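Chains, contacts and geometry: an overview
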Amino acid sequence: MPEQINLSLEPFSTNHSLAAILVGLNESALERVALDVIREQRRRLEHAQALYEKLSTLEAEALLDEKADNLRHDYRLALLMMRSHHQVTSAVIDKLGRVPHLPDD
């Protein structure tokens, strides 16, 4: 039987919670998780960058309307999500002990 993982949402530190999820993974499984979280982090970065570029264009054209407000909101949210996911990425890479080589996507 696989080792039971405690996924309780008690007020522990984020690192402790992430470590509890990663416990028991062998190096191969951990590397697979690391590759996926790195890809996801890159996707989030690209999304935030695209929103930033759209917002910059609207601001340069002085088109500061509801669309710009919504875009600004989406950009801030993308930054928050990217930052929070960065903690996950960092914890997984720390647990693995190295940055895995990503094949060309």
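From a predicted model like this one, the values you see are computed outputs, not experimental measurements. (Residues numbered from 1 in each chain as written. Predicted model: local features only at pLDDT ≥ 70, side-chain atom pairs only at ≥ 80, totals over all residues. Heavy atoms only, no water.)

Regarding its fold elements, the protein presents three helices and zero strands. Overall, the protein shows an N-to-C arrangement of helices and strands of α-α-α. Evaluated residue by residue, the protein yields a buried proportion of 25% over its 105 residues. Restricting to contacts in the protein with at least 6 residues of sequence separation, those with at least 24 account for 68%. When the accessible area of the protein is evaluated, it comes to approximately 7900 Å², of which 55% is carbon and sulfur surface. (Helix = DSSP H or I, 4+ residues; strand = E, 2+ residues; numbered from the N terminus. Buried < 20%, exposed > 50% of the residue type's maximum accessible area, 1.4 Å probe, protein only. Contact = heavy atoms within 4.5 Å. Areas by Shrake-Rupley, 256 points an atom, 1.4 Å probe, with all protein chains shown as cover.)

So, on to the pattern of salt bridges. Any two side chains of opposite charge can pair, on the condition that their charged atoms come close. Under the criterion given, the structure shown has seven salt bridges. Note that Arg98 and Glu31 form a salt bridge whose closest N and O atoms lie 2.7 Å from each other. Here Glu31 lies in helix H2 (residues 27-60) and Arg98 lies in the segment after helix H3 (66-96), a separation of 67 residues in the sequence. Among the salt bridges present, the one from Arg72 reaches Glu59, with a minimum N-O distance of 3.1 Å. Of this pair, Arg72 sits in helix H3 while Glu59 is found in helix H2, placing the two residues 13 residues apart along the sequence. (Salt bridge = Lys/Arg side-chain N within 4 Å of Asp/Glu carboxyl O.)

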